[in-house]
Amino acid sequence: MNYKVKNIYGRTGTEKIFVSVPGSKSITARALLISAIADGESVLKGVQYSDDCLTFLNCLKTLGINCTVDGTTVKIIGCGCRLKSKQAEINVGSAGTAARFLLAFLAFQDGEYILDCSEQMKNRPIAPLIKTLKSLGAKFKFFGRENAYPLQIYGTASPVCEAEVDINESSQFLSALLISSVCARRPFKIKIDGSHGFDYVNMTCKMMSDFGARAERAEDCFLVSGGYSANEYEIEPDVSAACYFYAMNKILGTDISVRGITSDSLQGDIKFIEILKNFDGGKINMREFSDQALTLAAVAPFLGRPTQIYGAEHIRKQECDRISAMVSNLTAMGVKCEERSDGVKIYPSNPKPAKINTFGDHRVAMSFALTGLRADGIEIENAEVCSKTFKEYFTVLDEVCGKLTEK
């Protein structure tokens, strides 16, 4: 499906518009796994049903976790740290969070599990986490490349309770280990190697605390203790999804607000919304909210000064090489830009008609649709890839644009 974006610049009213977005993908994923590990029945409200989250939920069901879905509410009966199923085959698709979180969880289980994935997932980084899980006592068999999906994991119910994890490529490696380390049922020490933004790790620790466990940081280490008890938990709206609509305000001069978004959100992308309000170009380190690097790249041609995105070298190894995708699509639109190893410099420009190559990446599709709201002839190829995190994105975008241009 291709989506032709309508240029509505200069035709919008001044009325305040409210929009709703799905629940947070990041919080949903963490809540699903924590509830699956906990003792008792948890009730999760506001669950996101993107492709990634449905994949996660279906994997848990395949592993024998009792999950009941009713609208955006999911009831989960936890396994109390120990799966009854000692053998299972799951497919994590292209869901990077599920691929990392479930791998760590299964390392703490006394069983043998086969994990398959999409072609895209085979190329995403997982080796640092595998190295850590091997040091705990888990064993692996690989069906393709060494230290990559697809694979078979042989877990251990008696893990070594001290580990070191390299987070240079992703903080998810640390979050995965933190969440499932309670399955050791003993105090667990994690030493951090490398550096990365810690907003999502802080989210993980807060949610672990909400369910009764403790994850305390001391310099370059975390000490995990306690366990999870069942909880009734409300999932915040997805700030990453909300950012697209706040970015619309920046390029169109509109007044759009997303319901349920507050400044005290657990999600790190909330910082991007605050920064965007007064940003008119300049250097910006996107390491802590790198999911929005593409959003900023789509907005940058309309800013008053050149924009230099840096600190985002790790996004080259996400759903696609996102830095390369930025440069490719900006160049196709006639926008002057310069590729850097960790980002891109983008100059104020007047984008020309172009077809946007999404490279199979949901954030490429959603971000560059914003450019087309102020430039003629922008068409998003394979727009359906947005279903990975926000299936109804283009429907919601059409509805918002309709309200903004009502006479």
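Heads up: the structure comes first, above all this text.
Residues numbered from 1 in each chain as written. Predicted model: local features only at pLDDT ≥ 70, side-chain atom pairs only at ≥ 80, totals over all residues. Heavy atoms only, no water.

In this structure, what is going on with helix α10 (residues 322–332)? I would like to understand it.
Think of an α-helix as turning once every 3.6 residues; residues three or four places apart then point the same way. Within the sequence span of α10, burial applies to R322, I323, A325, M326, V327, N329 and L330. Looking at the buried side of α10, the elements it contacts are α9 (293–299), β17 (307–310), β18 (337–340), β19 (343–346), β20 (354–356) and α11 (362–372). Directly after α10, the chain includes G334, whose backbone phi takes a positive value near 80 degrees. (Buried < 20%, exposed > 50% of the residue type's maximum accessible area, 1.4 Å probe, protein only. Helix = DSSP H or I, 4+ residues; strand = E, 2+ residues; numbered from the N terminus. Contact = heavy atoms within 4.5 Å.)

Hey, could you run me through the sheet that holds strand β3 (residues 41–45) in this one?
Pairing within the open sheet is mixed, and its four strands lie in the order β4-β5-β3-β14. Single-partner strands in this sheet number two, and they are β4 (66–70) and β14 (232–234). Looking at each pair of strands side by side, their axes are set apart by 15 degrees on average, direction ignored. Note that β3 and β14 share three bridges and pair parallel. Each residue of the ladder has a partner; that of V43, found in β14, is E232. Docked against the sheet, helix α2 (residues 51–62) engages β4 and β5 (73–77), running at close to 140 degrees with respect to β4. (Pairing = 2+ DSSP bridges. Axes fitted to C-alpha atoms, helices over the stretch in contact; angles between N-to-C directions.)

How should I be thinking about the sheet that holds strand β21 (residues 378–380) in this particular structure?
To summarise the sheet geometry, strands pair through backbone hydrogen bonds and adopt either a parallel or an antiparallel arrangement. One open sheet accounts for three strands, arranged β1-β21-β20; its pairing is mixed. At either margin of the open sheet sits one strand with a lone partner, and together these are β1 (3–4) and β20. Note that β1 and β21 share two bridges and pair antiparallel. Bridge assignment links Y3 to a residue of β21, and that residue is I380. Along the sheet face, α11 touches β20 and β21 and points at about 165 degrees away from the line of β21.

Honestly, the packing of helix α1 (residues 25–37) against helix α3 (residues 96–107) in this entry has me stumped. Any pointers?
For any two helices packed against each other, one specifies the crossing angle of their axes together with the interaxial distance. Where α1 contacts α3, the axes come no closer than 11 Å and their chain directions differ by 20 degrees. As judged from the angle between their axes, α1 and α3 are roughly parallel. Read as a crossing pair, α1 and α3 show a hand that is right-handed. Only T97, F101, L102 and F105 of α3 make contact with α1, whose side of the interface consists of K25, A29, R30, L33 and I37. Broken down by class, the residue content of the contact of α1 with α3 amounts to six nonpolar, one polar and two charged. (Parallel < 35°, antiparallel > 145°, perpendicular 65-115°, else oblique. Left-handed = near helix turned anticlockwise from the far one by under 90°. Nonpolar A, V, L, I, M, F, W, Y, C, P; charged D, E, K, R; others polar.)

Even after reading the chapter, I still don't get the side chain of Q172, so can you show me in this structure?
You can see Q172 is positioned in helix α5 (residues 172–180). Only 2.8 Å separates the side chain of Q172 from the side chain of R100, close enough to count as a polar contact. For Q172, the contacting residues outside a window of four places in its chain are G96, T97, R100 and F101. (Polar contact = N/O pair within 3.5 Å; in protein donor to acceptor, adjacent residues only side chain to side chain.)

I tried to follow unusual backbone geometry on my own but got confused; where do I start?
Cis geometry is found at the peptide bond from Y149 to P150, where omega equals -5 degrees. As for its position among the elements, P150 is in the loop between β8 (139–142) and β9 (151–154). In the Ramachandran plot, C81 falls in the positive-phi region, its phi being about 85 degrees despite a non-glycine side chain. Positionally, C81 belongs in the loop between β5 and β6 (87–91). Of note, the phi angle at F359 is positive, near 55 degrees, even though the residue is not glycine. Following the sequence through the fold, F359 ends up in the loop between β20 and α11.

Would you explain the environment of C320 in this entry?
Along the chain, the position of C320 falls in the loop between β17 and α10. Take C320: its relative accessible area is 10%, and that puts it in the buried class. Between the C-alpha atoms of C320 and M333, which are 13 residues apart in sequence, the distance is 20 Å. In contact with C320, not counting residues within four places along its chain, are I315, A325, F359, D361 and V364.

Can you walk me through the nonpolar core in this structure?
If you look at soluble globular proteins, the nonpolar side chains tend to sit buried side by side. Within the largest apolar cluster, 83 residues are counted, with the highest numbers of intra-cluster contacts made by L102 and L103. Broken down by element, the residue count for this core peaks at nine residues, all from α3. Look past the residues within four positions of L103 in its chain and what remains in contact with it is A98, L115, I126, L129, I130, L133, F140, Y149, L151 and I153. Listed in part, the 74 residues of the second largest apolar core include I270, A293, I315 and V335. (Core = buried A, V, L, I, M, F, W, Y, C linked by side-chain atoms within 4.5 Å.)

Is there a simple way to explain the packing of aromatic side chains in this structure?
The relation between two aromatic rings is expressed through the spacing of the ring centres and the mutual angle of the planes. Across all of its chains, the model carries ten aromatic pairs by this definition. Look at Y244 and Y393: their rings are 5.5 Å apart centre to centre, the planes differ by 65 degrees, and that puts the pair in the edge-to-face class. Separated by 149 residues along the polypeptide, Y244 in helix α7 (residues 239–252) and Y393 in helix α12 (residues 393–404) bring together distant segments of the chain. Y393 shares its class with Y244; the two are buried. For the pair F245 and Y393, a centre-to-centre distance of 6.1 Å together with 55 degrees between the ring planes defines the contact as tilted. (Phe/Tyr/Trp six-rings, centres within 6.5 Å; stacked < 30°, edge-to-face > 60°.)

Whenever I open this one, the pattern of salt bridges confuses me. Can you help?
Where charged atoms from two side chains of opposite charge come close, those side chains can pair. What the rule picks out here adds up to 21 salt bridges. The closest approach of N and O atoms between K271 and D199, which form a salt bridge, is 3.2 Å. Pair noted here: K271 is in helix α8 (residues 270–278) and D199 is in helix α6 (residues 199–210), with a separation of 72 residues, a long-range link. On the basis of relative accessibility, which here comes to 13%, the residue D199 falls in the buried class. E288 is the partner of K271 in a salt bridge, and the nearest nitrogen-oxygen pair spans 2.7 Å. Here K271 is found in helix α8, whereas its partner E288 is found in the loop between β16 (282–285) and α9, with 17 residues between them in sequence. Residue K271 is classed as partly exposed on the basis of its relative accessible area of 33%. When its relative accessible area of 36% is taken as the criterion, E288 is described as partly exposed. Ionic contacts of the salt-bridge type, sharing partners, join the residues K25, D52, R124, D291, E319, R322, D361, R363 and K388 into one network. (Salt bridge = Lys/Arg side-chain N within 4 Å of Asp/Glu carboxyl O.)

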